[in-house]
Amino acid sequence: VAKPDPILVADGVRRQFGGLTAVDVAHLEVPRGSITALIGPNGAGKSTFFNLLTGFDRPNAGSWTFQGERASGVPAYRVARRGMVRTFQLTKALTRLTVLDNMLLAAPKQSGEGMLGAFWRPGWRRQERENLERAESLLRRFKLYDKRADFAGTLSGGQRKLLEMARALMVDPALVMLDEPMAGVNPALVQSLLEHVTALRDREGKTVLFVEHDMDVVMGISDWVVVLAQGKVIAEGRPDDIRSDAAVIDAYLGT
Ligand code: ADP
Ligand code: MG
């Protein structure tokens with residue numbers, strides 16, 4: 001379905017693992033400024049699709065644009081720098097680093113490249129200070145500031161999900177992709193995560209693409225829902241339309 005102003009447009013994206021076609025997306029558009037849910041049964045190809053879009057994996061075929069510019073074939077760190085970031089289904093927090101260091105590692109110009117040279121460049125210290133301020137302000141917002149000096153490994157599952165989301169925001173992205181942000185999180189934290197997700201759209205004008213299994217959550221906060229089954233988009237639409245879509249019900253009941 002063509003959107004008035006899509007932030008992301010994918011065409012003919014296919015990924016095969018041996019004889020298995022994990023992703024086979026003919027066409028997909030993510031509306032700018034929306035919260036778009038990507039749903040589908042286990043093994044539908046949702047995480048693989050995220051990996052492809054963010055440069056963590058390579059497709060067998062297909063291309064996509066982000067903000068109108070070609071983004072396929074671009075390495076992950078550059079995709080992130082352009083403003084398209086993702087979190088992982090299994091959190092990638094570095095457990096033996098402090099919470100604050102996890103944030104700083106995700107900062108722009110802290111990727112490790114040319115650090116020695118950068119040290120002498122004017123502006124480096126300013127950049128470092130700005131990164132620190134941004135990290136601390138995000139940690140306050142996600143209620144992790146008191147934990148900033150603790151190893152990330154000491155955080156609860158839910159707190160790691162919050163850290164993952166906070167980390168993703170270090171580059172001030174236009175598109176935030178969340179892979180099962182609420183999975184394994186206790187109900188009290190789910191509410192807080194949901195508020196953070198809607199705030200990204202409502203207060204910052206960001207676009208959110210997220211994978212989620214809880215249909216109440218999906219229907220509650222999404223503007224648009226895309227349904228993936230066996231790698232293909234089998235339906236998309238507004239939450240109310242998707243809820244009553246026979247193919248969707250079939251895909252869930254059939255597995
Ligand atoms: P989802 O996130 O929707 O649950 P995935 O994208 O993780 O689904 O997986 C889609 C399919 O691709 C599954 O059948 C899975 O087993 C397979 N798959 C994913 N990654 C690999 C891989 N690296 N090697 C082989 N098969 C994979
Ligand atoms: Mg997955």
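Treat the numbers as computed from the prediction; the structure is a model and nothing was measured.

Definitions and limits used
- Residues numbered from 1 in each chain as written.
- Chains lettered and ligands numbered in written order.
- Predicted model: local features only at pLDDT ≥ 70, side-chain atom pairs only at ≥ 80, totals over all residues.
- Pairing = 2+ DSSP bridges.
- Helix = DSSP H or I, 4+ residues; strand = E, 2+ residues; numbered from the N terminus.
- Axes fitted to C-alpha atoms, helices over the stretch in contact; angles between N-to-C directions.
- Contact = placed C-beta atoms within 7 Å.
- Near = placed C-beta within 6 Å.
- Nonpolar A, V, L, I, M, F, W, Y, C, P; charged D, E, K, R; others polar.
- Domains from an automatic or database assignment.
- Expected span 1.5 Å × (residues − 1).
- Buried ≥ 20, exposed ≤ 12 C-beta atoms within 10 Å, placed from the backbone.
- Arc of directions from axis to C-beta.

**Overview of the sheet that holds strand 9 (residues 224-229)**
Pairing between the strands of a sheet is mediated by backbone hydrogen bonds and can be parallel or antiparallel.
Here is step 1: The sheet built from six strands is open, its strands ordered 6-7-8-3-9-10 with mixed pairing. The open sheet is flanked by strand 6 (84-86) and strand 10 (232-237), the only strands paired with a single partner. Here the average twist between neighbouring strands, direction ignored, is 20 degrees.
Here is step 2: Bridge analysis of strand 6 against strand 7 (residues 175-179) gives three bridges, and the strand direction is parallel. Along strand 7, the bridge assignment pairs arginine 86 with methionine 177.
Here is step 3: Across the sheet, helix 7 (residues 187-202) lies against strand 3 (35-39), strand 7 and strand 8 (207-211), angled at about 150 degrees from strand 8, the strand it touches most.

**Examining the site of ligand 1**
Here is step 1: Around ligand 1 sit Phe17, Leu20, Ala22, Gly40, Asn42, Gly43, Ala44, Gly45, Lys46, Ser47 and Thr48, and those are all the residues in its vicinity.
Here is step 2: For the shell around ligand 1, the secondary structure elements donating two or more residues are strand 2 (20-31) and helix 1 (46-53).
Here is step 3: Among the residues making up the shell around ligand 1, the classes are represented as four nonpolar, six polar and one charged.

**Observations concerning the domain arrangement of the protein**
Here is step 1: Once the domains are mapped, the protein shows domain 1 (6-93 + 155-253) and domain 2 (97-153).
Here is step 2: Facing 15 residues of domain 1, the contacting portion of domain 2 comprises 15 residues.
Here is step 3: Looking at the side of domain 1 that touches domain 2, the elements with two or more residues in it are helix 2 (76-81) and helix 6 (157-168).
Here is step 4: A total of seven residues in the side of domain 1 that touches domain 2 trace back to one element, the largest contributor, which is helix 6.
Here is step 5: Split by residue class, the side of domain 1 that touches domain 2 holds ten nonpolar, two polar and three charged.

**Description of helix 5 (residues 124-141)**
Here is step 1: Taking 1.5 Å of rise per residue, 18 residues should cover 26 Å, and helix 5 covers 26 Å from first to last C-alpha, within 8% of that figure.
Here is step 2: Every buried residue of helix 5 is accounted for by Ala135, Leu138 and Leu139. With its buried residues spanning 100 degrees around the axis, helix 5 presents them on a single face. The exposed residues of helix 5 that point more than 90 degrees off its buried face are Arg125, Arg126, Arg129 and Glu133.

**Brief notes about the environment of glycine 62**
Here is step 1: One can find glycine 62 in strand 4 (residues 61-66).
Here is step 2: For the pair glycine 62 and alanine 26, spaced 36 residues apart in sequence, the C-alpha to C-alpha distance is 8.5 Å.
Here is step 3: The contacts of glycine 62, once residues within four sequence positions are left out, are Ala10, Asp11, Gly12, Val13, Arg14 and Ser72.

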